[in-house]
Amino acid sequence: MGNKQTTFTDEQLEAFQDCTFFTRKEILRLHSRYRELAPHLVPLDYTNNPDIRVPLALIVTMPELKENPFRDRIVETFSEDGQGNLSFNDFVDMFSALCETSPRELKTIYAFKIYDFNRDNFICKDDLQQTLTLLTKGELTEDEVLLVCDKALEEADLDGDSKLSFSDFQNMISKAPDFLRSSTSCYHGNSLAHN
Amino acid sequence: METDAVFFTDHSGRITSNPLLDQLPSYQSLLYRRKSSVSGPKRRSSSRGRLGSSSSGKWNMSTFTRPFEKQKSQVTEQQPIRELAKPMAEKRRDKTQRLEEAQELTNWRQWRQSSHRYLRRLRDDAQEWLSSMKLWRGDIHLIEGMFGTGILSYFSFLRFLVVLNLIIFLIKFSFVMLPIIIAPYASGNITYNLNDAGVCSVYPSSARRGLVIFHEHITDLLSGGGFLEQTYLFYGYYKVDKIHFTNVTYNLALAYLLSTIAYLFLSLIWIVKRSARGFKRNLVQDEDRFQSFCNKIFAGWDFCITNENAARLKRSSLLYELKTDLEEERIKQKIADRTRKEKCRIYLIRLILNLFVIGVLAACFYSIYVATIFSQEAQMTKIKVNFIVDLIYEYLPSIVITLANFITPLLFSVIINYEDYSPAFEIRFTLMRCVFMRLTSIGVLLFSLWSQITNCEEEPCICGYNHLLYSCWETRVGQEMYKLTIFDFITIVAVTIFVEFPRKLIVKHCDCGLAKWWGQQEFAIPQNVLEIVYGQTICWIGTFYCPMLPAICTIKYFFIFYIKKVSLINNCRPATRPFRASSSNFFFLGVLLIGLALACLPVTVSVAQINCSHACGPFVNFNTSWEVLPTTVSQLPSGAQTLLFALSSEAFAVSFFVVTCLAMFYVIALAGAHKRVINQLRDQLAMEGRDKRFLIQKLCQAQRLSPVRSPVSKSKPRSPSYHTSFSSNFSEGVFLAHSPPDSSTHV
């Protein structure tokens, strides 16, 4: 792979390596995945930093995201315009935050943003209900949803304002044993074989 | 309450907010991405603290203390750029800024920074290379994607056992077998154990004479007797005492004993190290304020799932978990509402059922005992009835153990329904009973063997053991362990081929009632884990008597991996009772530790107590196997001797014990103090939150009353795009939103 590729300059690759948790090879693979999504839109040559954005509808077709109930929110969170259109920088950022080596603190921050549907810096009861509905695809009854949200707020809300601020959320996540493992997306270099 | 009056939504029901809140440091720390970086001043934390910690307030301090911070950042460690929650463009800008700063540093610091970066990159590459070398990486990834993290932990546990067994075998091989093998080539002179021609050292050869029928070879292979008995496979073959090389004398007996201690110790350390992570998490979980609902909502979805089927199953399992939790809450309520009379009734039922369980266990243990004795006696009498019947007699203990371990879990899961515990406790209790059953059955087998070995016609035994029947009792024990291992493997293969595959075919093609009732196979993680822990316990016990057993177990687990994987992918659907991955790791390693503890017991007893056989093995010249150690110590130079005696003296042991106790008390006191501090801080946090709301309320009131239009609303420099966290899309009200008042403040 080394010096033959013409997608990025060496400085660009170094910058990527410093700013994300990926190696050179992985960044180039990411670029080919990005290109796969919209080959007519994304140029092969990124040396002059073209300003191309792939729309939300194409990004959520990726196998890593396709089955995730929060895929729309994830892509929106990492997009600069908030509508879910990702430039390559955003794309790499997204997978870097979700990868195995990214630290818990970083994942916590992004998780908070993802679950905050109305973007008011709090996870209020409404956000919780929306999260739960997406998670269970509407299979719980109304009462059960309300009950679960009440219980969750009861468990995590420390300052008693009936919504989760970031410090509440952070404290709760630090005690959630599955968080680190479950919020890791096993990104594969090549397109996954579908079983 | 008065505070609630301030909080209400505006007419459209959307959440509006006070622009003043924007400037609160805690809000600033969570700013969304901005296209134009209004945040010109650096926003990285200049302290050593990680992001999101209580130093989040320092974020905005940097806007005011820029020159000061510049100095500070040169002195303190900077957080790696990639761990900042900022968009790529900003990170790049940070990086160039840092590089510029770095130019201003002294050469020494520059070199240090660049070497740090280089080393970090090197370490990342090395880690990636190492993890790509891991066995079965691709397979496990596939399983994880299809079935989630619960089953993944089973397979990575299996992989751990394969590696562990391989290492144990390498230890035994390199210290015990290798010297014997290379002795002829390295001009070593082997001294064998002398036969003192006493009655105890008679070892009749068990090799078959004359014409050997083919199926007798198979019997030998499966039972470890016949031609296999006098091979490297068993303890009895190692009759070497010392090997004299040109410069050094290699004491094989000592090496044999020490390698046994070494592999037990190594297993202990490795398992404890692996379980340390899970243990910490389990401690946290047992706190009274553990959050099960939050954990499921926010950390419940496995981001690794890429398969549509797996996603559907994960969703249904999450649903099931949530419903179970709600059910648990309901049951807790019910338990709290129990009357006295009901409690008495429940306790009585539980007592009766526990007695019944103990009775069942006693019956199983007794049957194992009887089967072992019968099998041993049948092997002693040289009357061969029939090929198949002989084999059955040989394998009788294994068969009985397997049957018992098959029936009792079913029985336990039926009984527990009547004992009326909460669902979570039910699962754990049943599991504990099954673990106890599995591991104690091995103990019973060994006990019955021991009773046979030390049972002579005239008490007390002349040689310390029954030399007539068991001229080389260690080999016999080794053979029993070998048979257990082989039978275990055969059982697993047979069950997979003859039960799981037909079940899938029936369920798939036949539409009868049986198929519907039976249902598709579920991969029951606890039972499978118990199976392999059972096998590993046998391996640990058996390695002393059968040094090549770890190699056999490595191969056995290697094949089991592939068999289980194929069976999983083709026959199974994920369990409806999801097994939480994090605690399951701890559970697996906990059970493995129990198995290790159980395995140490027979080995210790036989090394230290039971007279080793005088007809075979490396310890012929000693009374017990342990004696080789004091004998060797007495031959060491006197300095080392005094040191070792001091280490094993009572004075040292007592003082060591006292120091350990003190350390433990200190740590417990520290933990208690921390807990108190945490509770205080929690209360303080709640109070601060209330203070903040009160102040904001007052502020809003003041703003409302003030006739001048708040200048703050004009000076908003934010671009009208999404990420300015609040407002520009919303009307600039001064009301704060809040959820309906009934769910608000606790006292």
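Small disclaimer: the values here were computed from a predicted structure and weren't measured.

## Notes on the overall build of chain A
Broken down by element type, chain A carries 11 helices and zero strands. Ordered by position in the sequence, the α and β elements of chain A form the string α-α-α-α-α-α-α-α-α-α-α. Projected onto its principal axes, the C-alpha coordinates of chain A cover approximately 60 × 35 × 30 Å. When the 195 residues of chain A are sorted by exposure, 63% land in the buried category. In chain A, of all internal contacts separated by at least 6 residues, the share reaching a separation of at least 24 is 57%. Accessible area of chain A: about 7500 Å², with a carbon and sulfur share of 48%.

## Concerning the UniProt feature "transmembrane region" (unreviewed entry) in chain B
Residues and elements named next belong to chain B. Feature annotation in UniProt assigns "transmembrane region" (unreviewed entry) to the following positions: residues 160-186, 253-272, 347-375, 395-418, 430-450, 586-605 and 651-673. Helix makes up 100% of residues 253-272 and strand 0%, whereas the separation of the span's terminal C-alpha atoms amounts to 29 Å. From the first C-alpha to the last, residues 395-418 spans 36 Å; its make-up is 100% helix and 0% strand.

## Some details on the nonpolar core
Grouped together as the largest cluster of nonpolar side chains are 113 residues, with contacts concentrated most on Phe155(B), Phe157(B), Trp540(B), Leu592(B) and Phe619(B). Residue contributions to this core peak at 15 residues, all from helix α8 (residues 149-182) of chain B. Apart from the residues lying within four places of it in its own chain, the contact partners of Phe155(B) are Ile140(B), Ile143(B), Phe523(B), Phe561(B), Lys564(B), Lys565(B) and Leu568(B). Counting residues in each nonpolar core, the second largest holds 76 residues, with Ile52(A), Val60(A), Val75(A) and Trp301(B) among its members.

## What to know about the state of the cysteines
All names here are of chain B. What the rule picks out here adds up to one disulfide over all chains. There is a disulfide in this structure between Cys472 and Cys616, and the S-S distance comes to 1.7 Å. Disulfide Cys472-Cys616: torsion about the S-S bond near 95°, hence right-handed. Residue Cys472 is located in the loop between α15 (423-453) and α16 (473-509), and its partner Cys616 is located in the loop between α20 (581-608) and α21 (628-634); the two are separated by 144 residues in the primary sequence. For Cys472, a relative accessible area of 2% corresponds to the buried category. The buried category is assigned to Cys616, whose relative accessible area is 0%. The thiol of Cys364 is not disulfide-bonded; the next cysteine sulfur, from Cys434, is found 11 Å away. Its sulfur unpaired, Cys546 is 8.9 Å from the next cysteine sulfur, which belongs to Cys553. Exposure remark for Cys546: the relative accessible area of 0% places this residue in the buried category.

## Points about the packing of aromatic side chains
All names here are of chain B. By the definition in use, this model includes 45 aromatic pairs over all chains. Seen from their ring centres, Tyr256 and Phe544 are 5.6 Å apart, and the 75° between their planes marks the pair as edge-to-face. On the criterion of sequence distance, the pair formed by Tyr256 in helix α10 (residues 252-285) and Phe544 in the loop between α18 (525-543) and α19 (549-571) is long-range, its members being 288 residues apart. For the pair shown, Tyr256 and Phe544 are each scored as buried. Ring geometry for Phe561 versus Tyr562: centroids 5.6 Å apart, planes at 85°, classification edge-to-face. Residue Phe561 is classed as buried on the basis of its relative accessible area of 0%.

## Brief notes about the packing of helix α9 (residues 142-156) of chain A against helix α12 (residues 308-336) of chain B
Two numbers describe how α9(A) lies on α12(B): the axes approach to 11 Å, and their chain directions differ by 75°. With respect to α12(B), the axis of α9(A) lies roughly perpendicular. For the pair formed by α9(A) and α12(B), the contact residues are Glu144(A), Leu147(A), Val148(A) and Lys151(A) on the first element and Leu322(B), Lys323(B), Leu326(B) and Glu329(B) on the second. The residue makeup of the contact of α9(A) with α12(B), split by class, is four nonpolar, no polar and four charged.

## Thoughts on the environment of Glu100(B)
Relative to the helices and strands, Glu100(B) resides in helix α5 (residues 88-104). Along the chain, Glu100(B) and Ala651(B) lie 551 residues apart, while their C-alpha atoms are 63 Å from each other.

## A closer look at a nonpolar patch on the surface
Residue and element names in this part refer to chain B. Taken together, the side chains of Val495, Ile497, Phe498, Val499, Leu514, Trp517 and Trp518 present a nonpolar region at the surface, about 750 Å² in accessible area. Among the secondary structure elements, those contributing two or more residues to the nonpolar patch are α16 and α17 (513-518). Here the nonpolar patch gets four residues from one element, more than from any other, and that element is α16. Relative to the helices and strands, Val495 is located in helix α16.

## Overview of a positive patch on the surface
A surface patch of like charges, here positive, comprises Arg181(A), Lys134(B), Arg137(B), Lys273(B), Arg274(B) and Arg277(B). Considering each element in turn, the positive patch owes the most residues, three residues, to α10(B). For Arg277(B), the location among the structural elements is in helix α10. A relative accessible area of 59% places Arg277(B) in the exposed class.

## So, the confidence of the model for chain A
Where the model shows low pLDDT, its predicted coordinates should not be examined in detail. Considering every residue of chain A, the mean pLDDT works out to 83; 92% of them sit at 70 or more. Note that residues 189-195 of chain A has pLDDT below 50 and, in this model, 13 contacts with residues that lie over four places away or in other chains.

## Quick notes on the side chain of Arg350(B)
Residues and elements named next belong to chain B. Inspection of the secondary structure assignment puts Arg350 in helix α13 (residues 340-380). Here Arg350 sits buried without a salt bridge, and the closest side chain of opposite charge, Glu419, lies 5.2 Å off (N-O distance). Once you skip the residues sitting within four places of it in the chain, Arg350 turns out to touch Arg338, Glu419, Asp420 and Tyr421.

## As for the pattern of salt bridges
Here the structure, examined in full by the defined rule, presents 18 salt bridges over all chains. Close ionic contact of Arg121(B) with Asp18(A) constitutes a salt bridge, the shortest N to O distance being 2.9 Å. In this pair, Arg121(B) is assigned in helix α6 (residues 107-132) and Asp18(A) in helix α1 (residues 10-19), connecting two distinct chains. Arg121(B) gets classed as partly exposed once you look at its relative accessible area, which sits at 23%. Of the charged contacts in the structure, one is a salt bridge between Arg33(A) and Glu64(A), with a shortest N-O distance of 3.1 Å. Here Arg33(A) is found in helix α2 (residues 24-37), whereas its partner Glu64(A) is found in helix α4 (residues 63-66), with 31 residues between them in sequence. Across this residue pair, the class does not change: Arg33(A) and Glu64(A) are buried.

## Things to note about the packing of α13(B) against α16(B)
All names here are of chain B. Running from N to C, α13 and α16 cross one another at 115°; their axes reach a closest spacing of 13 Å. Here α13 and α16 pass one another in a crossing that is right-handed. Here α13 contributes Gln376, Gln379 and Met380 to the contact with α16, which in turn contributes Arg476, Glu480 and Lys483.

## Describing unusual backbone geometry
When glycine is set aside, most residues are seen to have a negative phi, and most peptide bonds are trans. All names here are of chain A. For Asn49, which is not glycine, the phi dihedral falls at a positive 50°. With respect to the secondary-structure elements, Asn49 resides in the loop between α2 and α3 (56-59). When its relative accessible area of 47% is taken as the criterion, Asn49 is described as partly exposed. Look at Arg119: it is not a glycine, yet its phi comes out positive at around 55°. Residue placement: Arg119 occurs in the loop between α7 (104-115) and α8 (125-136). Its relative accessible area of 25% is what places Arg119 among the partly exposed residues.

Conventions and cut-offs
- Residues numbered from 1 in each chain as written.
- Chains lettered and ligands numbered in written order.
- Predicted model: local features only at pLDDT ≥ 70, side-chain atom pairs only at ≥ 80, totals over all residues.
- Heavy atoms only, no water.
- Helix = DSSP H or I, 4+ residues; strand = E, 2+ residues; numbered from the N terminus.
- Buried < 20%, exposed > 50% of the residue type's maximum accessible area, 1.4 Å probe, protein only.
- Contact = heavy atoms within 4.5 Å.
- Areas by Shrake-Rupley, 256 points an atom, 1.4 Å probe, with all protein chains shown as cover.
- UniProt positions renumbered as here; feature names shortened; annotations may be inferred.
- Core = buried A, V, L, I, M, F, W, Y, C linked by side-chain atoms within 4.5 Å.
- Disulfide = S-S within 2.5 Å.
- Phe/Tyr/Trp six-rings, centres within 6.5 Å; stacked < 30°, edge-to-face > 60°.
- Axes fitted to C-alpha atoms, helices over the stretch in contact; angles between N-to-C directions.
- Parallel < 35°, antiparallel > 145°, perpendicular 65-115°, else oblique.
- Nonpolar A, V, L, I, M, F, W, Y, C, P; charged D, E, K, R; others polar.
- Patch = residues over 30% accessible without salt bridge, like charges linked within 9 Å, V, L, I, M, F, W, Y side chains within 5 Å.
- Salt bridge = Lys/Arg side-chain N within 4 Å of Asp/Glu carboxyl O.
- Lys, Arg positive; Asp, Glu negative; His and termini not counted.
- Charge placed at Lys NZ, Arg CZ, Asp CG, Glu CD.
- pLDDT = per-residue confidence, 0-100.
- Left-handed = near helix turned anticlockwise from the far one by under 90°.

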